[in-house]
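# Working through the structure, step by step
So you can see what is in the structure, the chains are spelled out below.
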Amino acid sequence: MPAQGKHRRSRTSPLARRLIAAGTGGAALALPLVTATTAGAAPAPQHVQAAPSAVQKVTHTVVKGESLAKIADARSVSGGWQALYKTNRAAVGDNPSLIHPGLKLKLSGAAKATGSSSAPTASTENASEGKATEAVETAAKTYTNDLDGWIKEALDIMAQHGIPGSYDGIHRNIMRESGGNPQAINNWDSNAAAGTPSKGLLQVIAPTFEAYHVPGTSTDSYDPVANITAACNYAADRYGSIDNVNGPY
């Protein structure tokens, strides 16, 4: 391709001089060499690396004792358990509280766009390392299978749902209601006589548990975390917080 805006004297180019005459009989065919060395030759195309996909997808295999809320918290799912359930509703079914060990859940999220394609500075590299470390610590978070662990897990779930309450307030009421026994049941009071005995760590009757059940937790009222979160949800609705409860409620 000739350079634009420049006029040159007419002359025979090196390319024209290197035509090869090939033919049979009296006919000849002019075949130009395919490599051009003139200044106007188009530059060779450069390889352009495709941008990485803006969406990263991973999966999580459910293990015994997990809930959607626990998984969303541990894997830092944007939008919490609700977003996780929405993504996997076809696999989970209509009850988000019921997930079975071995179920594979899809975790997906859009990668954050960067404002510049330049190399990261030391400050941005440090920030990225800090976020990565925080994500690993969150993913590795576990709870002990005892009263202390149950309360701490319940508090984390309550925080996600805006349910107030403190460790001391929950612990104080548990010790009064059940002595820390998650299988405790009251078979002698008026609730029991009406066919709805109080159960679990915070002695919740079935109608109350069902009305204040926190999505993502077990539907078994004896389950320690489900019992605590439902009771605290009820206490928040009636008393403002479980911390305000100092007697039968």
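Structure first, text after, so check above.
Throughout what follows, the structure given in this document is the object of discussion. Each chain has its residues counted from 1, running along the sequence as written. Since the coordinates come from a predicted model, pLDDT governs what is reported: local features require at least 70, and pairs of side-chain atoms require 80 or more to be given and counted, while whole-chain, interface and lining totals use all residues. Only hydrogens and water are set aside; all other atoms, that is, all heavy atoms of the structure, feed into the side-chain values.

Look at helix α5 (residues 147-161) against helix α9 (residues 224-239): their axes get within 9 Å of each other, and the N-to-C directions meet at 50°. Here α5 is positioned oblique relative to α9, judged by the angle of their axes. For α5 against α9, the interelement crossing comes out right-handed. Across from W150, I151, E153, A154, I157 and M158 in α5, the residues of α9 making contact are P224, V225, I228, T229 and C232. Charged means Asp, Glu, Lys or Arg here, nonpolar means Ala, Val, Leu, Ile, Met, Phe, Trp, Tyr, Cys or Pro, and polar covers whatever is left, Gly included. Within the contact of α5 with α9, the residues separate by chemical class into nine nonpolar, one polar and one charged. The convention used is that axes are lines fitted to C-alpha atoms, helices contributing only their stretch in contact, and that angles between N-to-C directions extend from 0 to 180 degrees. To qualify as a helix, a DSSP run of H or I must reach at least 4 residues; to qualify as a strand, a run of E must reach at least 2; elements of each kind are numbered from the N terminus. With respect to orientation, any angle under 35 degrees is reported as roughly parallel, any angle over 145 as roughly antiparallel, any angle of 65 to 115 as roughly perpendicular, and every other angle as oblique. Each crossing is labelled by how the near helix is turned from the far one, with a counterclockwise turn of less than a right angle marking it left-handed and a clockwise turn marking it right-handed. It only takes one pair of heavy atoms within 4.5 Å for two residues to be counted as in contact.

On to α5. Helix length check: α5 (15 residues) gives 21 Å between terminal C-alpha atoms against 21 Å at 1.5 Å per residue, within 8%. When a residue's accessible area, from a 1.4 Å probe over protein chains only, is under 20% of the maximum for its type it is buried; when over 50% it is exposed; and in between it is partly exposed. Every buried residue of α5 is listed here: L147, G149, W150, I151, E153, A154, I157 and M158. Buried residues belonging to α5 abut α2 (68-74), α6 (167-177) and α9. The positive-phi residue at the C-terminal boundary of α5 is G162, with phi of around 70°. Helix span is expected to be 1.5 Å times the residue number reduced by one.

Ranked by internal contacts, the top residues of the largest apolar core, which has 38 residues, are L84, I170, I174 and I228. When contributions to this core are tallied by element, the ones reaching two or more residues are α2, α3 (80-92), β4 (104-110), α5, α6 and α9. Among the elements that make up this core, the one with the highest residue count is α9 (eight residues). We call a set of buried residues a nonpolar core when its members are Ala, Val, Leu, Ile, Met, Phe, Trp, Tyr or Cys and they connect through side-chain atoms within 4.5 Å of each other.

Bringing the side chain of H213 into the picture now. One can find H213 in the loop between α8 (206-212) and α9. Counted as a polar contact is a pair of N or O atoms within 3.5 Å, where, for protein atoms, one must be capable of donating a hydrogen and the other of accepting one, and residues adjacent in sequence contribute only when both atoms are in side chains. Of note is the side chain of H213, whose polar atom sits 3.0 Å from the backbone oxygen of S218. In contact with H213, not counting residues within four places along its chain, are S97, S218, T219 and A230.

With that settled, the discussion passes to the environment of Y212. Tracing the chain through its elements places Y212 in helix α8. A C-alpha to C-alpha distance of 5.9 Å links Y212 and N233, two positions 21 residues apart in sequence. The residues contacting Y212, other than those within four sequence positions of it, are A230, N233, Y234 and D237. Of the polar contacts made by the side chain of Y212, one reaches the side chain of D237; its length is 2.5 Å.

Right, let's get into α6. Taken together, the buried positions of α6 are occupied by G169, I170, N173 and I174. The buried residues of α6 occupy an angular sector of 125° when the element is viewed end-on, so they sit on one face. Just beyond α6, the residue with positive phi is G179, at close to 70°. Of all possible arcs, the one meant is that of the directions from the helix axis to the C-beta atoms.

By definition here, a salt bridge exists when the distance from a side-chain nitrogen of Lys or Arg to a carboxyl oxygen of Asp or Glu is within 4 Å. What the rule picks out here adds up to four salt bridges. Linking R176 and E177 is a salt bridge whose minimum nitrogen-to-oxygen distance equals 3.0 Å. Relative accessible area serves as the criterion here: at 34%, R176 is assigned to the partly exposed category. For E177, a relative accessible area of 23% corresponds to the partly exposed category.

Before going further, it helps to spend a moment on the side chain of N227. Residue position: N227 is located in helix α9. Look at N227 and you get buried, because its relative accessible area is 0%. Among the polar contacts listed, one links the side chain of N227 to the backbone oxygen of K199, at a separation of 3.1 Å. If sequence neighbours within four positions are ignored, N227 has contacts with K199, G200, L201, L202, Q203, V204, F209 and S221.

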